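Fold and contact review
Okay, here's what each chain looks like letter by letter:
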Amino acid sequence: MSDMEDEELFGEAADEIRGDVEEHLAAARAALPESDAIWTVEADNTLGVLNGLRSALAAEEVEGHLRDAKKWFTIGERADAFEDAEDLREEIETIEDVLDDLEDVSETVGDLASTIPELRGELESLHDDEE
């Protein structure tokens, strides 16, 4: 194979790697919850609201796509396949930041969802004792 063919094949591979990173980033972004999903809830009580919010915050699919994007990005970067990868790096960091926030909020909501029923029981018990 000639050097020209090698260069052409490398260019194609680099384009494919970039395309893979972009596809996984788009899929990760699409898997993020819509803002209304975490803002607007319908429930009969506090626990219902918290459980609905916890479901809306689920981010496993985002994590998978982000991991794949980072994997292909790392391969492309180490192979020096990208002419300019700053846009990809920024997109990865942006999605990572949002994912971190989702995980933090989800943990807090989970804590509340497990604590609220206990608190309710304690309050009921105290008020029942008064009567």
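Below is a summary of the structure that appears in this document. (Residues numbered from 1 in each chain as written. Predicted model: local features only at pLDDT ≥ 70, side-chain atom pairs only at ≥ 80, totals over all residues. Heavy atoms only, no water.)

**Quick notes on the packing of aromatic side chains**
Worth spelling out the cut-off: Centres within 6.5 Å make a pair out of two Phe, Tyr or Trp rings, where for Trp the six-membered ring is used; the pair is then stacked when the planes are under 30 degrees apart, edge-to-face when over 60, and tilted otherwise. The cut-offs for exposure are 20% and 50% of the maximum accessible area for each residue type, with area from a 1.4 Å probe on protein chains only; residues under the lower value are buried, those over the upper are exposed, and the others partly exposed.
Enumeration according to the criterion identifies 1 aromatic pair in this entry. Ring centres of F73 and F82 lie 5.7 Å apart, and the angle between their planes is 20 degrees; this geometry places the pair in the stacked category. In this pair, the class of F73 matches that of F82, namely buried.

**Notes on the pattern of salt bridges**
Condition: Here a salt bridge means any side-chain nitrogen of Lys or Arg lying within 4 Å of a carboxyl oxygen belonging to Asp or Glu. To qualify as a helix, a DSSP run of H or I must reach at least 4 residues; to qualify as a strand, a run of E must reach at least 2; elements of each kind are numbered from the N terminus.
According to the stated counting rule, one finds 8 salt bridges in the structure shown. Here E91 and R29 are joined by a salt bridge, their closest N and O atoms 2.7 Å apart. With a gap of 62 residues between them, E91 in helix 5 (residues 86-130) and R29 in helix 1 (residues 3-31) connect regions that are remote in the sequence. By relative accessible area, R29 is classed as partly exposed at 45%. R89 is paired through a salt bridge with E86; the nearest N and O atoms lie 3.4 Å apart. Of this pair, R89 and E86 both sit in helix 5, separated by 3 residues, roughly a single helical turn. R89 gets classed as partly exposed once you look at its relative accessible area, which sits at 29%.

**Re the packing of helix 4 (residues 60-78) against helix 5**
What counts here: As a rule, the C-alpha atoms of each element are fitted with a line to give its axis, helices using only the stretch in contact, and angles between N-to-C directions run from 0 to 180 degrees. Comment on the angle field: the value is read as roughly parallel under 35 degrees, roughly antiparallel over 145, roughly perpendicular from 65 to 115, and oblique elsewhere. Two helices that cross are described as forming a left-handed crossing if the nearer one is turned anticlockwise from the farther one by less than a right angle, and a right-handed crossing if clockwise. Should any heavy atoms of two residues lie within 4.5 Å, those residues are considered in contact. Nonpolar residues are Ala, Val, Leu, Ile, Met, Phe, Trp, Tyr, Cys and Pro. Charged residues are Asp, Glu, Lys and Arg, and all others, Gly as well, are polar.
Here helix 4 crosses helix 5 at 150 degrees, and the two axes come no closer than 11 Å. As judged from the angle between their axes, helix 4 and helix 5 are roughly antiparallel. Note on packing geometry: the crossing formed by helix 4 with helix 5 is left-handed. Between helix 4 and helix 5, the residues in contact are V62, E63, L66, A69, K70, F73 and E77 and L88, R89, I92, I95, E96, L99 and E103, respectively. Split into classes, the residues belonging to the contact of helix 4 with helix 5 amount to 8 nonpolar, no polar and 6 charged.

**Observations concerning the packing of helix 3 (residues 46-56) against helix 5**
Remark: helix 3 packs on helix 5, axes separated minimally by 9 Å, with the N-to-C direction vectors making an angle of 155 degrees. In terms of orientation, helix 3 lies roughly antiparallel with respect to helix 5. Crossing of helix 3 against helix 5: the hand is left-handed. Packed against helix 3, whose contacting residues are T46, L47, L50, N51, L53 and R54, the element helix 5 presents S106, V109, G110, L112, A113, I116 and P117 at the interface. In terms of residue class, the contact of helix 3 with helix 5 is built from 8 nonpolar, 4 polar and 1 charged.

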